[in-house]
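Tertiary structure, described
What follows is the residue order along each chain.
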Amino acid sequence: MKVTVIGGVRMLVLVVVLLALSTRVLAADTPALTGDPASGPAVSPSILPDSIPLTSSPLSAPIPPNEIRITGMGSGSVPWTILVLLTFLTLIPSLLLCVTPFARLLVVFHFLRQALGLQTTPTNQTLIGLALILTFFLMQPVGASIYQTSTVPMEAGRIDAMQAMERGAGPIRQFMLHYVREKDVALFVELSKEPRPRNPQDLSMRVLVPAYILSELSTGFQIGTVLFLPFLVIDMVVASISTSVGMLQLPPVVISTPLKLLLFVMVDGWNLLIGSLMRSFS
């Protein structure tokens, strides 16, 4: 009991000392606006002249080097700028699939992997990354045109965000019109019940975007089918030979897969494939 009382007294003394130290620190940090006998009379903030601001303006305060501030684009306000940016970020995956060659490239790469008889090599992440890099390579001129026609005037304040979107749709429209098939355009014009356009420039994005996606998928399947044929011949030859010599217990894929890989490496297949795909967009 005596030990407990002594411990409680020590704790009480420690708390009192800490309170005294904290009070002294707060008194030292408090600005002397209430007056001090050694420094003169007190100065009230209400009687200070208008030319001496008590606090600096947020606009005149220096911006720390690590601080990020979002300003309105052009003459727009900051909330609308943030809304447009967030909406654009959520639509990036859809735009990437709908208005770029990404779908065609990815379909061809998957056909190649199936033709070689490989299930997980290259991996899906590798194929998607390669398709993304090639898509960026192909779309770089279109992106530069969009930047010059829409982003630069919007940053200068000559146009607003909606006008910038309308101008930015022009280069993308020209790119899609160059590769879309007339059959697919006619299909979606009929389905949309729109009047027949006089020229391709009169097509709406509602018709042009799905027609372009369908055209890219059709082209990708055509290239994949042609790519599949030589490897299919190897599979048939190996299967017929293994069956004729009586190797019924050995699956033909065990023999054909190394042969297909050897053929693909000997002819430098990646160089031929990527070169053919890039030239198809010229």
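Along the backbone of the protein chain there are nine helices and zero strands. Ordered by position from the N terminus, the helices and strands of the protein chain form the series α-α-α-α-α-α-α-α-α. Expressed as a percentage of its 282 residues, the buried residues of the protein chain come to 25%. For the protein chain, long-range pairs separated by at least 24 residues make up 64% of all intrachain contacts whose partners lie at least 6 apart in sequence.

The next subject is the packing of aromatic side chains. Enumeration over the complete set of coordinates arrives at eight aromatic pairs. Measuring from ring centre to ring centre gives 6.5 Å for phenylalanine 111 and phenylalanine 228, while their planes differ by 90°; the resulting arrangement is edge-to-face. Residue phenylalanine 111 is found in helix H3 (residues 102–116), and its partner phenylalanine 228 is found in helix H7 (residues 205–244); the two are separated by 117 residues along the sequence. Its relative accessible area of 28% is what places phenylalanine 228 among the partly exposed residues.

Here the focus is the nonpolar core. By size, the foremost hydrophobic cluster in this structure holds 38 residues, and its most contacted members are Leu105 and Phe109. Taken together, the elements giving at least two residues each to this core come down to H3, helix H4 (124–156), helix H5 (161–179), helix H6 (182–192), H7 and helix H9 (269–279). Here this core takes eight residues from H3, the largest share from any one element. When near neighbours in sequence (up to four residues on either side) are disregarded, leucine 105 contacts Ala131, Leu134, Thr135, Leu277, Met278 and Phe281.

This next bit is on the packing of H5 against H7. Close contact between H5 and H7 brings their axes to 9 Å; oriented N to C, the two are set at 45°. Looking at the two axes, H5 sits oblique to H7. For the pair H5 and H7, the sense of crossing is left-handed. Of H7, the residues touching H5 (which contributes Arg173, Phe175, Met176, Leu177 and Tyr179) are Met205, Leu208, Val209, Tyr212, Ser215 and Glu216. Across the contact of H5 with H7, the residue classes tally to eight nonpolar, one polar and two charged.

Now for H9. The complete set of buried residues in H9 reads Gly269, Leu273, Ile274, Gly275, Leu277 and Met278. Of the surrounding secondary structure, the elements contacted by the buried residues of H9 are H3, H4, H7 and helix H8 (252–266).

Of note, alanine 169 is situated in helix H5. In the structure, alanine 169 is positioned 20 residues away from threonine 149 in sequence and 9.9 Å away in space, judged by C-alpha atoms.

For the rest of this paragraph, the subject is the pattern of salt bridges. Under the criterion given, the structure shown has four salt bridges. Measuring nitrogen to oxygen at the nearest pair gives 2.9 Å for the salt bridge that ties arginine 181 to aspartate 184. Taking relative accessible area as the criterion, arginine 181 reaches 28% and is therefore assigned partly exposed. Here arginine 206 and glutamate 194 are joined by a salt bridge, their closest N and O atoms 3.9 Å apart. Residue arginine 206 is found in helix H7, and its partner glutamate 194 is found in the loop between H6 and H7; the two are separated by 12 residues along the sequence.

Here we come to the confidence of the model for the protein chain. Across the protein chain, the average pLDDT comes to 75, with 72% of residues at 70 or higher. Confidence, expressed as mean pLDDT per element, reaches its minimum in the protein chain at helix H1 (residues 2–29) with 51 and its maximum at H3 with 90. Confidence over residues 1–5 falls short of pLDDT 50; this stretch has zero contacts with residues more than four positions distant or in other chains.

Attention now goes to unusual backbone geometry. In this chain, threonine 121 is followed by proline 122 through a cis amide linkage whose omega measures -5°. Summarising the element assignment, proline 122 is placed in the loop between H3 and H4. At lysine 193, a position not held by glycine, the phi torsion is positive, near 60°. Of note in this structure, aspartate 268 is not a glycine but carries a positive phi near 55°. With a relative accessible area of 44%, aspartate 268 lands in the partly exposed category.

The next point concerns the environment of serine 282. Locating serine 282 in the fold gives a position in the segment after H9. Residue class for serine 282 comes out exposed when judged on its relative accessible area of 72%. Excluding anything up to four places from it in sequence, serine 282 contacts His178 and Tyr179.

Summarising the element assignment, leucine 232 is placed in helix H7. Once the C-alpha coordinates of leucine 232 and lysine 260 are considered, the two residues, 28 residues apart in sequence, prove to be 9.5 Å apart.

Parameters at a glance
Residues numbered from 1 in each chain as written. Predicted model: local features only at pLDDT ≥ 70, side-chain atom pairs only at ≥ 80, totals over all residues. Heavy atoms only, no water. Helix = DSSP H or I, 4+ residues; strand = E, 2+ residues; numbered from the N terminus. Buried < 20%, exposed > 50% of the residue type's maximum accessible area, 1.4 Å probe, protein only. Contact = heavy atoms within 4.5 Å. Phe/Tyr/Trp six-rings, centres within 6.5 Å; stacked < 30°, edge-to-face > 60°. Core = buried A, V, L, I, M, F, W, Y, C linked by side-chain atoms within 4.5 Å. Axes fitted to C-alpha atoms, helices over the stretch in contact; angles between N-to-C directions. Parallel < 35°, antiparallel > 145°, perpendicular 65-115°, else oblique. Left-handed = near helix turned anticlockwise from the far one by under 90°. Nonpolar A, V, L, I, M, F, W, Y, C, P; charged D, E, K, R; others polar. Salt bridge = Lys/Arg side-chain N within 4 Å of Asp/Glu carboxyl O. pLDDT = per-residue confidence, 0-100.

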